[in-house]
Amino acid sequence: MPTFIDVQGRTWSIDITVATLKRVRALVGVDLIEAAGGTLLDRLVTDPVLLGDVLYACVKPQADERHVSDEEFGKALAGDVVEAATTALLEAFVAFFPSPRRRVLEKAVAKLAGWRTAALTAAEARLDDPALEAAVQAAVRAATPLSPPPPRGTSSGSALASSASTLAG
């Protein structure tokens, strides 16, 4: 049974059964079976609030035994714990299905992980690209005024002097 440890050091076990699916559906309004063929899997991976709600519904019997509210549970999901909890949820979800469907879901989860890794690698490469740094520096230089503008409501001294000399003359 997949597990993860929250930031408070508590170990949570995730076991997806029909009872778990019913509880998630009742508490969160999410049908986890949709993750097998739709966009729910991607939403769970990219939306930490939805993930936290689904995880809490999955572990609610354990949370009740430990007197941990959904708010306290959510506070204990941060940083690397989110990644570990996501992995545990996906492993439990895949294990729920019979063998033929499980193989397809294992491939889908592996592909998703590969795409996420590739996206992060591409983002890091882009951020490390010297051309991006040069473009940002050029944009900053272009947006920075060479000298500060005069304060609002004042006029230049030369214009006043010119007007005064004309009136006197």
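Quick note: structure is the one above.
About the cut-offs
- Residues numbered from 1 in each chain as written.
- Predicted model: local features only at pLDDT ≥ 70, side-chain atom pairs only at ≥ 80, totals over all residues.
- Heavy atoms only, no water.
- Helix = DSSP H or I, 4+ residues; strand = E, 2+ residues; numbered from the N terminus.
- Expected span 1.5 Å × (residues − 1).
- Buried < 20%, exposed > 50% of the residue type's maximum accessible area, 1.4 Å probe, protein only.
- Contact = heavy atoms within 4.5 Å.
- Core = buried A, V, L, I, M, F, W, Y, C linked by side-chain atoms within 4.5 Å.
- Polar contact = N/O pair within 3.5 Å; in protein donor to acceptor, adjacent residues only side chain to side chain.
- Salt bridge = Lys/Arg side-chain N within 4 Å of Asp/Glu carboxyl O.
- Patch = residues over 30% accessible without salt bridge, like charges linked within 9 Å, V, L, I, M, F, W, Y side chains within 5 Å.
- Areas by Shrake-Rupley, 256 points an atom, 1.4 Å probe, with all protein chains shown as cover.
- Lys, Arg positive; Asp, Glu negative; His and termini not counted.
- Charge placed at Lys NZ, Arg CZ, Asp CG, Glu CD.

Draft legend 1. Helix α5 (residues 80–96), seen in detail. Between its first and last C-alpha atoms α5 spans 25 Å; for 17 residues at 1.5 Å apiece the expected length is 24 Å, and the two agree. Of all the positions in α5, only Val81, Ala85, Thr86, Ala88, Leu89, Leu90, Ala92, Phe93 and Val94 are classed as buried.

Draft legend 2. Region of the structure containing the environment of valine 24. Mapping valine 24 onto the fold places it in helix α1 (residues 18–28). Judged by relative accessible area, which is 0%, valine 24 ranks as buried. Note: C-alpha distance between valine 24 and tyrosine 56 (32 residues apart in sequence) is 8.6 Å. The contacts of valine 24, once residues within four sequence positions are left out, are Gly29, Val30, Leu32, Val54, Ala57 and Cys58.

Draft legend 3. Geometry of the nonpolar core. Among the nonpolar cores identified, the biggest contains 35 residues, and Phe4, Ile14, Leu32, Leu55, Cys58, Phe73 and Leu89 are the most heavily contacted of them. Of all the secondary-structure elements, those providing two or more residues to this core are α1, α2 (40–46), α3 (48–66) and α5. In contact with leucine 32, other than residues within four places in its own chain, are Ile16, Leu21, Val24, Leu40, Leu44, Val54, Cys58 and Phe93.

Draft legend 4. Representation of the side chain of threonine 20 within the structure. Tracing the sequence through the fold places threonine 20 in helix α1. The class of threonine 20 is buried, set by a relative accessible area of 2%. For threonine 20, the side chain forms a polar contact with the main-chain oxygen of aspartate 15, separated by 2.9 Å. Sequence-distant contacts of threonine 20, defined by excluding residues within four places in its chain, comprise Asp15 and Cys58.

Draft legend 5. Seen up close, the pattern of salt bridges. Inspection of every chain in the model, using the stated rule, returns three salt bridges. Linking arginine 25 and aspartate 31 is a salt bridge whose minimum nitrogen-to-oxygen distance equals 3.2 Å. The exposure class of arginine 25 is partly exposed, given its relative accessible area of 47%. Salt-bridge contacts for aspartate 64 lead to lysine 60; the nearest nitrogen and oxygen are separated by 2.9 Å. Of this pair, aspartate 64 and lysine 60 both sit in helix α3, four residues apart, roughly one helical turn.

Draft legend 6. A negative patch on the surface, seen in detail. A grouping of Asp47, Asp53, Asp70, Glu71 and Glu72 is seen on the molecular surface, where their side chains present a negatively charged patch. Looking at which element gives the most residues to the negative patch, the answer is helix α4 (residues 70–75), with three residues. Inspection of the secondary structure assignment puts glutamate 71 in helix α4.

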